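Understanding the architecture of this molecule
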Amino acid sequence: MLPKKGRKFPLWTGVLGGRDAYAQTVAELLRKEHGDSHRAIKQLMRQTDASERTVKHWLSGQHGPDTVYFLRLVVSSPVIRAFVLGLLEGPAAIPLTGPVDRISLARAREAYAAGEAAGGGAAAHGPRNDPDRVPERDPINVPDPAGLNERQLWFLDRVAQGRCDAREITAAWAVSLKTARRDIAALKAEGLISYVGSRRKGRYRKSPA
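Before going into details, it helps to say that this report is about the structure given with it. (Residues numbered from 1 in each chain as written. Predicted model: local features only at pLDDT ≥ 70, side-chain atom pairs only at ≥ 80, totals over all residues. Heavy atoms only, no water.)

Examining a nonpolar patch on the surface
Cut-off, in case you're wondering: Two distance rules govern patches: like charges are joined within 9 Å, and nonpolar side chains (Val, Leu, Ile, Met, Phe, Trp, Tyr) within 5 Å, applied only to residues with over 30% relative accessible area and no salt bridge. Values of accessible area rely on a 1.4 Å probe in the Shrake-Rupley scheme; residue burial ignores everything except the protein chains shown. When a carboxyl oxygen of Asp or Glu lies within 4 Å of a side-chain nitrogen of Lys or Arg, that pair is called a salt bridge. To qualify as a helix, a DSSP run of H or I must reach at least 4 residues; to qualify as a strand, a run of E must reach at least 2; elements of each kind are numbered from the N terminus.
A surface patch of nonpolar side chains, amounting to about 270 Å² of accessible area, comprises Trp12, Leu16 and Leu87. As for its position among the elements, Trp12 is in the segment before helix H1 (19-34).

Examining the packing of helix H8 (residues 150-161) against helix H9 (residues 166-173)
Under the convention used in this document: As a rule, the C-alpha atoms of each element are fitted with a line to give its axis, helices using only the stretch in contact, and angles between N-to-C directions run from 0 to 180 degrees. In this scheme, roughly parallel covers angles under 35 degrees and roughly antiparallel covers those over 145, while 65 to 115 is roughly perpendicular and the rest are oblique. For any pair of crossing helices, the crossing counts as left-handed if the nearer helix is rotated counterclockwise from the farther one by less than a right angle, and right-handed if it is rotated clockwise. Working rule for contacts: check all heavy atoms of both residues, and any pair within 4.5 Å makes them a contact. Note on residue classes: Ala, Val, Leu, Ile, Met, Phe, Trp, Tyr, Cys and Pro are nonpolar, Asp, Glu, Lys and Arg are charged, and everything else, Gly too, is polar.
Relative orientation of the contacting elements H8 and H9 amounts to 125°, with a least axis distance of 11 Å. Comparing the axis directions of H8 and H9 gives the class oblique. Helix-helix and strand crossings are classified by hand; for H8 and H9 the assignment is right-handed. Between H8 and H9, the contacting residues are Glu150, Arg151, Trp154, Phe155 and Arg158 on the first element and Glu168, Ile169, Ala172 and Trp173 on the second. The residue makeup of the contact of H8 with H9, split by class, is 5 nonpolar, no polar and 4 charged.

Thoughts on the pairing of strand S2 (residues 203-206)
Heads up, the rule is: When DSSP finds two or more bridges between a pair of strands, those strands are recorded as paired.
Sheet topology places strand S1 (residues 193-196) next to S2; 4 bridges connect them, and they run antiparallel. Within the sheet, the bridge partner assigned to Ser194 lies in S2 and is Arg205. In sequence, S1 turns back onto S2 through a hairpin of 6 residues, with Gly197 there showing a positive phi of about 95°.

Side note on the nonpolar core
Heads up, the condition is: Think of a nonpolar core as a cluster: buried Ala, Val, Leu, Ile, Met, Phe, Trp, Tyr and Cys residues, connected wherever their side-chain atoms sit within 4.5 Å. Here the term buried applies to any residue with accessible area under 20% of the maximum for its type, exposed to any over 50%, and partly exposed to those in between, with areas from a 1.4 Å probe on protein chains only.
Of all hydrophobic cores here, the largest spans 18 residues; its most connected members are Leu30, Val55, Trp58 and Ile80. Those elements that place two or more of their residues in this core are H1, helix H2 (38-48), helix H3 (52-60), helix H4 (67-76) and helix H5 (78-88). Within the second largest apolar cluster, 13 residues are counted, among which are Leu156, Ile169, Leu192 and Tyr204.

Thoughts on H3
Along H3, 7 of the 9 residues are buried, which leaves the element largely enclosed by surrounding structure. Against the buried residues of H3 lie H1, H2 and H4. Where H3 terminates, the next one or two residues include Gly61, which has phi positive at roughly 80°.

Examining the layout of surface pockets
Here is the rule: Method remark: on a 1 Å grid restricted to protein atoms, a set of points is classed as a cavity if a 1.4 Å probe fits but cannot get out and as a pocket if it is open with protein on both sides within 12 Å along at least five of seven lines; lining residues have an atom within 4 Å of a point. Grid points are joined across faces, edges and corners, and a volume is the space filled by probe spheres set on the points.
Looking at the second largest pocket, its volume works out to about 410 Å³. What lines the second largest pocket is a set of 16 residues, among which Asp165, Ala166, Arg167, Tyr195 and Tyr204 lie closest to the centre. Of all the elements in the fold, those that place two or more residues in the lining of the second largest pocket are H9, helix H10 (177-189) and S2. Tallied by class, residues from the lining of the second largest pocket come to 7 nonpolar, 1 polar and 8 charged.

Thoughts on unusual backbone geometry
Notably, Asp49 is not glycine yet its phi reads approximately 65°, a positive angle. The partly exposed category is assigned to Asp49, whose relative accessible area is 28%. Despite not being glycine, Ala174 has its phi angle at roughly 55°, a positive value. Mapped onto the fold, Ala174 is located in the loop between H9 and H10.

Notes on H10
Quick reminder of the rule: Every helix has an expected span of 1.5 Å times one less than the residues it contains. Starting at the helix axis, one direction is taken to each C-beta atom, and the arc is that of these directions.
For H10, which comprises 13 residues, the first-to-last C-alpha distance of 18 Å matches the rise-based estimate of 18 Å (1.5 Å per residue) to within 8%. Three or more residues of H10 are buried, namely Thr179, Ala180, Asp183, Ile184, Ala186 and Leu187. Viewed end-on, H10 has its buried residues packed into an arc of 155°, placing them on one side of the element. Facing away from the buried surface of H10 by more than 90 degrees, the exposed residues are Lys178, Arg181 and Ala189. Where the residues of H10 are buried, they touch H1, H8, H9, S1 and S2. Positive phi shows up at Gly191, right after H10, with a value of about 75°.

Shown next as structure tokens:
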């Protein structure tokens, strides 16, 4: 048997223990910073350019912000930024073995510049953090794919290919049946899928675009 080498990664617990814990933690932080009023929802929409439905999902803990939205919160929210800094200084973080050298800093700046150029920069995306700007699309009538979690996107793809139900979500993603049914119910509420046929022999069908 070959000897084990390298650093042993930690057993993730707390907010890093799973998607549900992450969603609940972010929800508590956002409610602590903004409250859960309609004004708070509008403020978060302006900060992140997310739809109203998506922000409501964050505040209720239904799911946490996806990568781009989370990065926007890190930039625009002091509370979320402090939360991230706390994670970086926590026991699960990999400690720095030495000072960051100039070459590493230069490469980091180059990578950031390349990302800004690839995204088109602020000019390509309109005004930046305009306090009076609210996304124009109607979140009630227009489904927001960016607000779906990974399980829901996977389920939509499986439904398009054929038969799929809540039990397959639990098997593929190691979540409870209650969580799987909540994912499906949200997809139905947004009009992305429908159930056709009898209760025993029916199936989910993806709604036409």
